[in-house]
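Listed below are the residues making up each chain.
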2 protein chains.
Amino acid sequence: MTTLHIVDDDEAIRDALGWLFQSRSVPVIGWDSAEAFLEAWTPDMAGCLLLDIRMEGMSGLELFDRLLGRACRMPVIFLTGHGDVPIAVAALKKGARDFVEKPFNDNELVDRVIDALAFDAEQRAREAGQAGVAARVATLTQREKQVMELVVAGRLNKVIADQLGISMRTVEVHRSHVFEKMRVKTAVELTRLLTSAG
Amino acid sequence: MTTLHIVDDDEAIRDALGWLFQSRSVPVIGWDSAEAFLEAWTPDMAGCLLLDIRMEGMSGLELFDRLLGRACRMPVIFLTGHGDVPIAVAALKKGARDFVEKPFNDNELVDRVIDALAFDAEQRAREAGQAGVAARVATLTQREKQVMELVVAGRLNKVIADQLGISMRTVEVHRSHVFEKMRVKTAVELTRLLTSAG
DNA sequence: GGGAGGGCTGCGGATATCCACAATAGCCCG
DNA sequence: CGGGCTATTGTGGATATCCGCAGCCCTCCC
């Protein structure tokens, strides 16, 4: 189980939530402002975010926007005592995971947080696989990438050679290097690797 | 542009919305109850749904649930004068496209509807392609499907032959039939066809 | 009983792919 | 300057794939 990050400028609420979640074995880290969290945030931070909307300084919504700008993928649950429908709808459409009004039901909130944490774990597992693929792609030379694209597009070596203006033998060499670097044995495996990961 | 289906038991609102959308060249069909729409609904119905939540008889939310149960893919926009945050959040998490409170801004509503219609059109185009693939898969015999799966899994003919306990030549024949019926020329193309469509 | 369709197999040849061995050439870096 | 990386090409042979031609078996159906 990864960590729940609670961002709320009200220490009493942070403490109450911290107690609630720790009693359910959910690791918690509290942040007393959006600014503090934003500064500490790194792309490898895992878990989920419980975000109060109304805070001194930067609001929870603004923090959310900034995190989106930094390609943060952590699921975000908004917590608010002043929520209205347009804000909730906008937040969810932008990709927020959930939106909970105070006062909330403890069990329900815990369920939603656990749900979000599980989602994050799955997402990270998927991305880890894709990152591995991306890392292998990064080791390819320009020519190898070109050849790989054409191979994955289903072209025969002969056609690829024509298209790149090089000999078939050279295509074979590049193709072989691509297979080796991408750790696959057939064009089909390579295609699956690249189309399943986008 | 496909059709906007307005479900609202208040004739005055249906008329007002009808006038609004027709003035923006959005074709509209009005329904005076969830029951009426549900009865008329067919899987090939295209466009989007503008759904009032509070109605006599079946509510908009219940209609939405029933449509989901029937695998309806039309984008749904809820319209309500009694919306509260939990309902909006639940609806959006279940897959509703949008949630708009009355009174609404005409231009904004029109924008959202047009957005939803465009989404539906794209989605239908995608599904049409997938349906074509599914139709071709349906013409395959059992043996051909088995061979196809192994081909797409990247196995060599030799391995497939072993695995199915038949000769390589037979695998070649099935493989060739699969390519013909699926209208592809290489295993890579076949893989793309099947992995992009799920 | 004969025809249609699906499944299985062999033969042989045309293509394609995979690979070891070998070589040329440009570029960058210590 | 020599070494490493990239790109390029060739020869020749082992594998794999693609395909037409031919034949056999079984089931379902008219």
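A brief look at the structure comes next. Because the structure is predicted, anything quoted here is derived from the model rather than measured.

**Details of the pattern of salt bridges**
Evaluation of the coordinates by the stated rule reveals 22 salt bridges over all chains. One salt bridge in this structure joins Asp120 of chain A and Arg124 of chain A, with 3.1 Å as the shortest N-O distance. Of this pair, Asp120 of chain A and Arg124 of chain A are both found in helix α5 (residues 106–138), four residues apart, which corresponds to roughly one turn of the helix. On the accessibility criterion, Asp120 of chain A (1% relative accessible area) is buried. Its salt-bridge partner being Asp52 of chain B, residue Lys102 of chain B comes within 3.2 Å of it at the nearest N-O pair. Of this pair, Lys102 of chain B sits in the loop between β5 (98–101) and α5 (106–138) while Asp52 of chain B sits in strand β3 (residues 48–52); the two residues are 50 residues apart in sequence, bridging distant segments of the chain. Assessed through its relative accessible area of 26%, Lys102 of chain B is described here as partly exposed. In the salt-bridge network here, residues are joined through shared partners; they are Lys93 of chain A together with Asp98, Glu108 and Arg112 of chain B.

**Some words on the protein's contact with DNA strand C**
With respect to spatial proximity, 17 residues lie near DNA strand C, and among them Arg169 of chain A together with Thr141, Arg143, Ser167 and Arg169 of chain B are the closest. In this structure, a base nitrogen belonging to DNA strand C sits 2.9 Å away from a side-chain N or O atom of Glu172 of chain A. Within the side chain of Arg143 of chain B, an N or O atom sits 2.8 Å from a phosphate oxygen of DNA strand C. Breaking the surface near DNA strand C down by element, the ones donating at least two residues are α7 (157–164) and α8 (168–182) of chain A together with α6 (142–152) and α8 (168–182) of chain B. Looking at which element gives the most residues to the surface near DNA strand C, the answer is α8 of chain A, with five residues. Here the residues of the surface near DNA strand C are counted per class, giving five nonpolar, six polar and six charged.

Rules used in this analysis
- Residues numbered from 1 in each chain as written.
- Chains lettered and ligands numbered in written order.
- Predicted model: local features only at pLDDT ≥ 70, side-chain atom pairs only at ≥ 80, totals over all residues.
- Heavy atoms only, no water.
- Salt bridge = Lys/Arg side-chain N within 4 Å of Asp/Glu carboxyl O.
- Helix = DSSP H or I, 4+ residues; strand = E, 2+ residues; numbered from the N terminus.
- Buried < 20%, exposed > 50% of the residue type's maximum accessible area, 1.4 Å probe, protein only.
- Near = heavy atom within 4 Å.
- Polar contact = N/O pair within 3.5 Å; in protein donor to acceptor, adjacent residues only side chain to side chain.
- Nonpolar A, V, L, I, M, F, W, Y, C, P; charged D, E, K, R; others polar.

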